[in-house]
Amino acid sequence: MWRLSGFGDEIAADLGVQLDVLGRAGIGALELRGVWGKNVLALSDGEVDRVAAALTQRGITVSAIASPIGKIGIGDDLAPQLEALRRALDLAARLGAPYVRVFSFYLPPGDDPGRHRGPVLDRLARLVQEAEGAPVTLLHENERGIYGDVPARCRDLLAAIDSPKLRAVWDAANFVQCGVRPFTGGYAALRPFLAYVHVKDARLGSGQVMPVGVGGEEAARGIPSINGILSSRDEKGV
């Protein structure tokens, strides 16, 4: 069963405006990344209460906590990231979000990614371990410059950790920005791990992000033309 949601902070900083636009578009869920100019993890408890009240009033749910966890260098201190994840898990529980987004750490430019495989897996496994016992699934998003930026390395880390607490976000445009034709270059390999899809297009070559259906056959061909997110707890629906 598909659920359609959107990044509200790409609409406006104000939560009320975000929810107004989502409501007019018939979108019943918000991927919470930022409100009032703050990242979701920087919100105070009082601000989280305000978010929860506004969502309840509008009948809008939270599809995921769109955290930046893992968007640090592979050599940076992990302890603050673990603390941030504890906050993200708390927010997910308070707001009823089934997912928390994470990344697999930026690598030094020009380095062989294989040299960093062990540390990446160790760190990501620590994040997964932290999420054990919480009714939340971590979603690894492919992003240019991190270890899991191309399909082969995404599959490598997901298969190596092999936990139902870690699933994949499919972001076709991000793959295009890495020079990958996503559907011919990785969909079959990642399909068993997919739990969430970002509906976004990009042009192969320039990497320019485009509205869905405009970037070309390299990206989100065949997915409904809307700039948003398709998500599903039922992986068979992806």
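Thresholds, definitions, all that
- Residues numbered from 1 in each chain as written.
- Predicted model: local features only at pLDDT ≥ 70, side-chain atom pairs only at ≥ 80, totals over all residues.
- Heavy atoms only, no water.
- Salt bridge = Lys/Arg side-chain N within 4 Å of Asp/Glu carboxyl O.
- Helix = DSSP H or I, 4+ residues; strand = E, 2+ residues; numbered from the N terminus.
- Polar contact = N/O pair within 3.5 Å; in protein donor to acceptor, adjacent residues only side chain to side chain.
- Contact = heavy atoms within 4.5 Å.
- Buried < 20%, exposed > 50% of the residue type's maximum accessible area, 1.4 Å probe, protein only.
- Right-handed = clockwise from strand over helix to strand, strands pointing away.
- Pairing = 2+ DSSP bridges.
- Axes fitted to C-alpha atoms, helices over the stretch in contact; angles between N-to-C directions.
- Left-handed = near helix turned anticlockwise from the far one by under 90°.
- Nonpolar A, V, L, I, M, F, W, Y, C, P; charged D, E, K, R; others polar.
- pLDDT = per-residue confidence, 0-100.
- Phe/Tyr/Trp six-rings, centres within 6.5 Å; stacked < 30°, edge-to-face > 60°.
- Lys NZ or Arg CZ within 6 Å of the ring centre and 35° of its normal.

**So, the pattern of salt bridges**
- Scanning all chains against the criterion turns up 17 salt bridges.
- A salt bridge links Arg87 to Asp45; its shortest N-O distance comes to 2.9 Å. A residue pair is termed long-range when its members are at least 10 positions apart, and Arg87 in helix H3 (residues 79-95) and Asp45 in helix H2 (residues 45-58) qualify at 42 residues.
- In this structure, Arg87 engages Asp90 in a salt bridge whose closest nitrogen and oxygen atoms are separated by 3.2 Å. With Arg87 and Asp90 both in helix H3, this residue pair falls three residues apart, about one helical turn.
- Within this structure, Asp45, Asp49, Arg87, Asp90 and Arg94 form a network of salt bridges that share partners.

**Structural notes on the side chain of Asp149**
- If you trace the backbone, Asp149 turns up in the loop between strand E7 (137-141) and helix H5 (151-161).
- A polar contact is formed between the side chain of Asp149 and the backbone nitrogen of Gly145, at a distance of 3.4 Å.
- In this structure Asp149 touches Asn142, Glu143, Arg144, Cys154, Phe175 and Cys178, once residues within four positions along its chain are discounted.

**Observations regarding the environment of Gly73**
- Its location among the elements puts Gly73 in the loop between strand E5 (61-65) and H3.
- Separated by 33 residues in sequence, Gly73 and Tyr106 have C-alpha atoms that sit 4.6 Å apart.
- Each residue touching Gly73, except ones within four places of it in the same chain, is listed here: Tyr106 and Arg123.

**Re the pairing of strand E2 (residues 29-32)**
- Here E2 shows a buried face lined by Ala29 and Glu31 and a second buried face lined by Leu30 and Leu32.
- Running through helix H1 (residues 15-24), the crossover from strand E1 (residues 3-7) to the neighbouring parallel element E2 is right-handed.
- Note: E2 against E5, four bridges, orientation parallel. By the bridge assignment, Ala29 is partnered in E5 with Thr61.

**Description of the side chain of His116**
- Summarising the element assignment, His116 is placed in the loop between strand E6 (99-102) and helix H4 (117-131).
- Non-local contacts of His116, meaning those with residues more than four positions away in its chain, are made with Ile74, Leu107, Pro108 and Asp111.

**Looking at the packing of H3 against H4**
- Interhelical geometry of H3 versus H4 gives an angle of 35° and a closest axis separation of 10 Å. Of the two possible hands of crossing, H3 and H4 adopt the one that is right-handed. On H4, the residues touching Leu82, Leu85, Arg86 and Leu89 of H3 are Arg126, Leu127, Glu130 and Ala131.
- Grouping the constituent residues of the contact of H3 with H4 by class yields five nonpolar, no polar and three charged.

**Things to note about the confidence of the model for the chain**
- Per-residue confidence for the chain gives a mean pLDDT of 90; residues scoring 70 or more make up 90%.
- The low-confidence segment residues 218-238 (pLDDT under 50) makes 80 contacts with residues lying over four places distant or belonging to another chain.

**Topic: the packing of aromatic side chains**
- Throughout the structure, instances matching the rule amount to five aromatic pairs.
- Centre to centre, the rings of Tyr99 and Tyr196 are 5.6 Å apart; their planes meet at 80°, and the pair counts as edge-to-face. Here the residue Tyr99 occupies a position in strand E6, and Tyr196 occupies one in strand E9 (residues 194-199), the gap between them amounting to 97 residues. Comparing Tyr99 with Tyr196, the two get one shared label, buried.
- Taking the centre distance of 5.8 Å and the plane angle of 40° together, the rings of Phe183 and Tyr187 count as tilted.
- On the basis of relative accessible area, Tyr187 is assigned to the partly exposed category, the value being 23%.
- By the ring-pair criterion, three or more aromatic residues cluster together here, those being Trp170, Phe175, Phe183 and Tyr187.
- Positioned above the aromatic ring of Phe7 is the side chain of Arg33, whose terminal nitrogen or guanidinium carbon lies 4.1 Å from the ring centre.

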